[in-house]
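Examination of the molecular architecture
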Amino acid sequence: MAIAALAPRVSAADAVIFTSENAVAPFVALSPATGRLAWCVGDRTAQAAAAAGFRTRAGPGDAARLVPMIVAGHEGGRLIHARGHHIAADIVTELARAGLNAVDAVVYEQCDLALDAAAQALLAGPSPVLVPLFSPRSAALFAQQARDARAPLLLAPISAAAARPCSGLNARVEIAREPAAGAVLDALGRLIASVDAG
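Residues numbered from 1 in each chain as written. Predicted model: local features only at pLDDT ≥ 70, side-chain atom pairs only at ≥ 80, totals over all residues. Heavy atoms only, no water.

Some words on the packing of aromatic side chains
Applying the stated criterion across every chain, the model contains three aromatic pairs. For the ring pair Phe18 and Phe27, a centre distance of 5.8 Å and an interplane angle of 80 degrees mean the geometry is edge-to-face. We note that Phe18, like Phe27, is buried. With centroids separated by 6.4 Å and ring planes inclined at 40 degrees, the aromatic side chains of Phe27 and Phe54 adopt a geometry described as tilted. Remark: Phe54 occurs in the loop between α2 (43–51) and β4 (55–58) and Phe27 occurs in helix α1 (residues 24–30); sequence separation between them is 27 residues. Comparing Phe27 with Phe54 shows no difference in burial state: the two are buried. (Phe/Tyr/Trp six-rings, centres within 6.5 Å; stacked < 30°, edge-to-face > 60°. Buried < 20%, exposed > 50% of the residue type's maximum accessible area, 1.4 Å probe, protein only. Helix = DSSP H or I, 4+ residues; strand = E, 2+ residues; numbered from the N terminus.)

Notes on the nonpolar core
Phe18, Phe27, Phe54 and Ile80 are the most contacted members of the largest nonpolar core, which totals 19 residues. Top contributing element to this core by residue count: strand β6 (residues 102–111), with four residues. Sequence-distant contacts of Ile80, that is, excluding residues within four places in its chain, are made with Val10, Ser11, Ala13, Ala15, Val16, Ile17, Phe27, Val103, Asp104 and Ala105. Residues Leu37, Val41, Leu95 and Ala102 belong to the second largest nonpolar core, which totals 15 residues. (Core = buried A, V, L, I, M, F, W, Y, C linked by side-chain atoms within 4.5 Å. Contact = heavy atoms within 4.5 Å.)

Digging into the sheet that holds strand β2 (residues 15–18)
The six strands lie next to each other as β1-β6-β5-β2-β3-β4, forming an open sheet whose pairing is mixed. At either end of the open sheet lies a strand with only one pairing partner, and these are β1 (2–5) and β4. Pairwise comparison of adjacent strand axes, ignoring direction, gives a mean angle of 25 degrees for this sheet. For β2 and strand β5 (residues 79–84), the ladder comprises four bridges, and the chain directions are parallel. Note on β5: the bridge partner recorded for Ile17 is His81. Each of β2, β3 (37–40), β4 and β5 touches helix α3 (residues 63–73); the most contacted strand, β3, lies at about 150 degrees to it. (Pairing = 2+ DSSP bridges. Axes fitted to C-alpha atoms, helices over the stretch in contact; angles between N-to-C directions.)

A word on the pattern of salt bridges
With the rule as written, the count across this model stands at eight salt bridges. In this structure, Arg65 and Asp62 form a salt bridge, with 2.6 Å as the shortest nitrogen-oxygen distance. Residue class for Arg65 comes out partly exposed when judged on its relative accessible area of 41%. Note that Arg190 is salt-bridged to Glu174, the shortest N-O span being 2.8 Å. Residue Arg190 is located in helix α8 (residues 181–197), and its partner Glu174 is located in the loop between β9 (171–173) and α8; the two are separated by 16 residues in the primary sequence. Of the residues examined, Arg190 reaches a relative accessible area of 21% and is grouped as partly exposed. One network of salt bridges, in which partners are shared, links Arg55, Arg57 and Glu75. (Salt bridge = Lys/Arg side-chain N within 4 Å of Asp/Glu carboxyl O.)

The following block contains the structure:
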């Protein structure tokens, strides 16, 4: 996927929610951080938000578990979820159910891209191909383009939700033990070790 920034009208808000680091720069271009609190899905997103000037609170790595953290620690006022066009969880609706004032701002688009010639050659070859998958949508896009792969596929999805779109592929799958980039790297390591042992 390629990330394309969008420029919607952004509502005033006291705190911001980022469920992807890709949302930070487009949002700041529309509404500066000015020391506001940013609730961030995980550590990498929190690092990007802190670098942009937000006070940050890092969540556990997935949107579903971020919601109760926000509900428990909300400091008052309006929240804005700066996000991409495609989302895995409707945070604004969940927060509204909990009585919080929250709105959306779609600040970037995830544009589909075809696998390039080098990737296609790897999928057609004899060597194992390691594939980290960081979202259900990226997994679905990969699965569509890897249906006819001849190479042994070793997939490391960040979550069970990211694993599901690849269920039709002939692949060895090692789901990350937590929804974090480091856990995906660990899953890739386990896949490599399984190939070496086999």
